[in-house]
Amino acid sequence: MRQVDKASSPMLSHPTRTGFRKLHLSTTANKKKQSLAWEREPYQPPVAVPPMPLPPPSTIDTFDVKDFEAGLVHSCWLNVVQDGFGEWVRVPLIIARGVKEGPVIGITAAVHGNELNGIPCVHRLMGSISVQKLSGTIVACPCVNTPGYTSFSRHYRDGVDLNRTFPGKEDGTQSQVFCHNILQKLIRHFNYHLDLHTASFGRINSYYVRADMNDPEVAEMTWLCNPQIILHNSGQDGTLRGCATALGIKCLTIEIGNPQSVQTRFVSWTYAGCRRILDHLGMYSLSRSTITPQPPNRANVALCRGGYWMYTKHGGVLEVFPNVNSYVREGELIARVKNIFGNVVEEVYAPVGGGVTVGRSSNPVAYTGDRVIHIGIVHDRSLPLPEAGGENY
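Residues numbered from 1 in each chain as written. Predicted model: local features only at pLDDT ≥ 70, side-chain atom pairs only at ≥ 80, totals over all residues. Heavy atoms only, no water.

1. Remarks on the overall build of the protein chain
Secondary structure assignment for the protein chain yields eight helices and 18 strands. Its C-alpha atoms give the protein chain a radius of gyration of 28 Å, more than 25% over the compact-globule value 21 Å for 393 residues. Along the longest, intermediate and shortest principal axes, the C-alpha atoms of the protein chain span 105 × 55 × 50 Å. Burial status across the protein chain gives 48% buried among its 393 residues. Expressed as a percentage of contacts within the protein chain between residues at least 6 apart in sequence, the contacts between residues at least 24 apart total 67%. Roughly 20,800 Å² of accessible area belongs to the protein chain as shown, and the carbon and sulfur atoms make up 53% of that amount. Positive and negative charge centroids in the protein chain, built from 38 and 32 side chains respectively, lie 14 Å apart. (Helix = DSSP H or I, 4+ residues; strand = E, 2+ residues; numbered from the N terminus. Rg over C-alpha atoms; globule rule 2.2 N^0.38 Å. Buried < 20%, exposed > 50% of the residue type's maximum accessible area, 1.4 Å probe, protein only. Contact = heavy atoms within 4.5 Å. Areas by Shrake-Rupley, 256 points an atom, 1.4 Å probe, with all protein chains shown as cover. Lys, Arg positive; Asp, Glu negative; His and termini not counted. Charge placed at Lys NZ, Arg CZ, Asp CG, Glu CD.)

2. A few points about the side chain of H180
Looking at the secondary structure, you find H180 in helix α5 (residues 174-185). Judged by relative accessible area, which is 17%, H180 ranks as buried. Here H180 is in contact with P167, G168, K169 and E170, once residues within four sequence places are set aside.

3. Some remarks on the sheet that holds strand β17 (residues 365-366)
Ordered in space as β15-β14-β12-β17, the four strands form an open sheet in which the pairing is antiparallel. Each end of this open sheet is capped by a strand with a single partner; those strands are β15 (344-349) and β17. Pairing of strand β12 (residues 316-320) with strand β14 (residues 333-338) involves four bridges; the strand directions are antiparallel. The residue bridging V320 from the neighbouring strand is A335, located in β14. (Pairing = 2+ DSSP bridges.)

4. A short note on α5
Helix length check: α5 (12 residues) gives 16 Å between terminal C-alpha atoms against 16 Å at 1.5 Å per residue, within 8%. The buried count for α5 comes to nine of 12 residues, which makes it a mostly enclosed element. Residues of α5 that are buried include every one of S175, V177, F178, C179, H180, N181, I182, L183 and K185, and no others. If you follow the buried residues of α5, they end up packed against β2 (72-82), β3 (88-97) and α7 (240-246). (Expected span 1.5 Å × (residues − 1).)

5. Thoughts on unusual backbone geometry
That bond from F166 to P167 is cis: its omega, 5°, falls within 30 degrees of zero. Residue placement: P167 occurs in the loop between α4 (146-150) and α5. A positive phi angle is found at A110, which is not glycine, with a value near 55°. Take A110: it is sitting in the loop between β4 (100-109) and α3 (118-127). One non-glycine residue, Q260, adopts positive backbone phi at about 45°. In this structure, Q260 sits in the loop between β10 (250-256) and α8 (264-280). For Q260, a relative accessible area of 40% puts it in the partly exposed group.

6. So, the confidence of the model for the protein chain
Across the protein chain, the average pLDDT comes to 91, with 90% of residues at or above 70. Per-residue pLDDT stays below 50 along residues 1-23; that stretch engages in 10 contacts with residues further than four places along the chain or on separate chains. (pLDDT = per-residue confidence, 0-100.)

7. Comments concerning the pattern of salt bridges
According to the stated counting rule, one finds six salt bridges in the structure shown. Two residues, R154 and D161, come together in a salt bridge whose shortest N-O distance is 3.0 Å. Exposure class is identical for R154 and D161. Each is buried. Ionic pairing is found between R329 and E332, a salt bridge with its closest N-O pair at 2.9 Å. Three or more residues are tied together by salt bridges with common partners; here these are E115, R154 and D161. (Salt bridge = Lys/Arg side-chain N within 4 Å of Asp/Glu carboxyl O.)

Here it is in structure tokens:
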């Protein structure tokens, strides 16, 4: 084999080629460095929003729409129950009383104290209303579960889920008395009711609505929300929606994304839905708004005749693969559980018929029997909906 003298080799000794090679290596290295750099966008401050012209809040023991002057927006604290000091546990109310007569619509948020997306939605909606153009009254309670809100908890202070406790009891436990008084002091005064929720801790949700779609008026309000998914059901025993419906109030539950956070896009979608509903009820016109009176995505909404959760059979490190609002086909791998050593101990597959992902677990730490994914059973719109039933939560 002939050896090549590196000193005399034209490829290695030619100064131009050597310089080109060094330049090429240097350029490649710089490109690699640039590709590893974080891309940053300049900060764009939000547009200033004028504050709502609200007077200092008053405190009331009982609520009656007629006690509030027409043509004004009012704020107040409603006394509900007493704490260990004998002081009142209160809920905040914002009341927009129109100059013209009309229905009363109630909007509640944070029945679960860590479900917060409804709060900025209430603020945005109430800040957009001119009572001089409003027919009827909007009563907004931006936070129902005030003890849960201040302790970053889904539950009431006694550890109970309020939305499984309605209608409560006048002489019951702490949470039962609280639910009873909320229902009797506030909710029963509504003609229509929107109850704003999110997923709970360790889960994430799509933007979806729970409603009895066999009630024509409720169904129309639901479509106007323009949700990603509609879940047709009557609600579980103990829910605020179920009790409001039993009182003859047209009610639906709007699920707005994820807990203990504010998601601007989800808030905007919900705000637009509320405005469409007010327009539909003849309370507040959309004539000068950029929001379309009819929902733009009706054909793409996943209408589900029911839904259910799937649960783990083993504990370990849980990974759920589908995003919310995505369709899964029968037999597709949708989740995997590994033990702490990295061995796969369980794989979860989409059930017979598949469905749409309404919500899913986001907490990788799973015990046996923990939630994996919330499957919506997509309805064939050419067929009538079944009677609304409860849901497997």
